[in-house]
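Spelled out from the first residue to the last, the chains are:
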Amino acid sequence: MSVTNKLLRLYKVDCQVRSLRSRVDSAERYLKQQDRTLDELKAKKEALDGQARQLKATIANDENETNSIEERITSLRDKLNNATSNKEYSALLTEVNTLKADKEAVDERVLESMTRLDEIKSAIDEIKGETKERTKVRSVALGERDQRAADVKDRLTELESDRSTAAGDVPPQALAKFEEEVEFREDEVMAPIEEHSRKHMEYSCGSCQVLLPFESVNRLLGNGDLTFCGNCGSILYIEDALREVVTGGKK
Ligand SMILES: [Zn+2]
């Protein structure tokens, strides 16, 4: 078997492995995306929970303040009733009015806090609902990922063993070149020669469609040494059907 045919055997196994893996990989990516969404929802909810706790504490403090202001107003009113001079009366009245204004300001603040707290609570409820939905989606995604992984497991083990047999058969230098290229080009690492015009002996690279020098075709028909497309760098091979046609025509 020529180097090119040995590489072709490896390449075909590689393509099958990639295609099987890609189904599992896409399910895996989808699952991870669900996990990220759930993490984001969790972080949002924690932030809102924190804000709600703070607001509740602020409201409790403000309500305490209101109560203590009320107590002071009540005791000042007693004093007002027992005031012995106009001067004392008007001083006490001023103090009562100042406290009343203070209390109104605090009441206003409490009202604002409560409105904000309601908003936060409904945002939390919304996130809870979304989390519930997303959790269902995630569980379906997990099942799908596991199913796909299970579906291809045996076939992948088989193919991986085929791959190491095929790779072991390729001369080390050609294998190194192939491994280096396949990393970036994946399924594009090899390309079949395509017939353009038999009459004019024109053949092109199946990957980039650029016409190939006929010596490349001859080389593949002959000893089948490693042959690259001069334009795109694909490792070229010749399909059996085309080989028969071309050599049959010559004989
Ligand atoms: Zn090419």
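Criteria and thresholds
- Residues numbered from 1 in each chain as written.
- Predicted model: local features only at pLDDT ≥ 70, side-chain atom pairs only at ≥ 80, totals over all residues.
- Heavy atoms only, no water.
- Helix = DSSP H or I, 4+ residues; strand = E, 2+ residues; numbered from the N terminus.
- Rg over C-alpha atoms; globule rule 2.2 N^0.38 Å.
- Buried < 20%, exposed > 50% of the residue type's maximum accessible area, 1.4 Å probe, protein only.
- Contact = heavy atoms within 4.5 Å.
- Areas by Shrake-Rupley, 256 points an atom, 1.4 Å probe, with all protein chains shown as cover.
- Lys, Arg positive; Asp, Glu negative; His and termini not counted.
- Charge placed at Lys NZ, Arg CZ, Asp CG, Glu CD.
- Pairing = 2+ DSSP bridges.
- Axes fitted to C-alpha atoms, helices over the stretch in contact; angles between N-to-C directions.
- Salt bridge = Lys/Arg side-chain N within 4 Å of Asp/Glu carboxyl O.
- Patch = residues over 30% accessible without salt bridge, like charges linked within 9 Å, V, L, I, M, F, W, Y side chains within 5 Å.
- Donors = N, O, S within 2.8 Å, 3.2 Å for Na, K, Ca; no water.
- Parallel < 35°, antiparallel > 145°, perpendicular 65-115°, else oblique.
- Nonpolar A, V, L, I, M, F, W, Y, C, P; charged D, E, K, R; others polar.

**Q** Looking at this model, I keep getting lost on the overall build of the chain. Mind explaining?
**A** Across its full length, the chain carries five helices and four strands. For the chain, the succession of helices and strands along the chain, N to C, is α-α-α-β-β-β-α-β-α. Scaling as 2.2 N^0.38, a compact globule of 251 residues should have a C-alpha radius of gyration of about 18 Å, whereas the chain reaches 40 Å, well beyond that. The C-alpha extent of the chain, read off along each of the three principal axes, is 135 × 40 × 30 Å. Counting every position in the chain, which comprises 251 residues, the buried fraction comes to 32%. Long-range pairs, those at least 24 residues apart, make up 69% of the contacts in the chain between residues at least 6 apart in sequence. Per element, the accessible surface of the chain, about 15900 Å² overall, is 49% carbon and sulfur. Between the mean site of the 41 positive side-chain charges and the mean site of the 50 negative ones, the chain shows a separation of 3 Å.

**Q** Mind showing me how you'd approach the sheet that holds strand E2 (residues 202-205) here?
**A** In sheet architecture, strand pairing relies on hydrogen bonds along the backbone and comes in two forms, parallel and antiparallel. Judged by pairing direction, the sheet is mixed, and its four strands sit side by side in the order E3-E2-E1-E4 without closing on themselves. Each of the sheet's edge strands pairs with one partner strand only, and the pair in question is strand E3 (211-212) and strand E4 (235-237). Sheet analysis places strand E1 (residues 190-197) next to E4, joined by three bridges and oriented parallel. When the sheet's bridge partners are listed, Met-190 is paired in E4 with Ile-235. This element, helix H1 (residues 3-81), spans E1 and E4 of the sheet and lies at about 100 degrees to E4.

**Q** Explanation requested: the pattern of salt bridges in the structure shown.
**A** Between side chains of opposite charge, pairing is possible as soon as their charged atoms come close. Under the criterion given, the structure shown has 20 salt bridges. One salt bridge in this structure joins Lys-136 and Glu-133, with 3.4 Å as the shortest N-O distance. Placement of both Lys-136 and Glu-133 in helix H2 (residues 86-169) is noted, with a separation of three residues, approximately one turn of the helix. Connected through salt bridges with shared partners, the residues Glu-28, Lys-32, Arg-145 and Asp-146 form a single ionic network.

**Q** Mind showing me how you'd approach the pairing of E1 here?
**A** A regular strand places its side chains so that they alternate between the two faces of the sheet. In this structure, E1 lies alongside E2, joined through four bridges in antiparallel fashion. Across the sheet, Glu-194 pairs through a bridge with Ser-204, a residue of E2. Hairpin connection of E1 to E2: four residues between the antiparallel strands, including Met-201 at a positive phi of 55 degrees.

**Q** It is not clear to me how a negative patch on the surface should be interpreted in this structure. Could you clarify?
**A** Taken together, Glu-194, Glu-239, Asp-240 and Glu-244 make up a surface patch of like negative charges. Along the chain, Glu-244 turns up in helix H5 (residues 240-250). Take Glu-244: its relative accessible area is 58%, and that puts it in the exposed class.

**Q** What am I meant to see in the coordination of the zinc ion here?
**A** Cys-205 (SG), Cys-208 (SG), Cys-229 (SG) and Cys-232 (SG) make up the full set of protein donors to the zinc ion, lying at 2.3 Å. Sequence spacing of the donors to the zinc ion: C-x2-C-x20-C-x2-C. Remark: Cys-232 occurs in the loop between helix H4 (214-221) and E4 and Cys-205 occurs in strand E2; sequence separation between them is 27 residues. For Cys-205, a relative accessible area of 0% puts it in the buried group. With a relative accessible area of 23%, Cys-232 lands in the partly exposed category.

**Q** Would you take a moment to explain the environment of Leu-7 for this structure?
**A** Examined against the element boundaries, Leu-7 turns out to sit in helix H1. Note on Leu-7: relative accessible area 0%, which makes it buried. Expressed as a C-alpha distance, the spacing of Leu-7 and Ser-113, which sit 106 residues apart in the sequence, is 72 Å. Leaving out residues up to four positions away in the same chain, Leu-7 has contacts with Val-170, Ala-174, Phe-178, Met-190, Leu-226 and Ile-235.

**Q** Is there a simple way to think about the packing of H1 against H2 in this case?
**A** Two quantities define a packed helix pair, namely the angle between the axes and the distance from one axis to the other. The interhelical angle for the contact between H1 and H2, taken along N-to-C directions, is 165 degrees, at an axis separation of 4 Å. Here H2 runs roughly antiparallel to H1, going by the angle between their axes. Tallied by class, the residues present in the contact of H1 with H2 amount to 40 nonpolar, ten polar and 37 charged.

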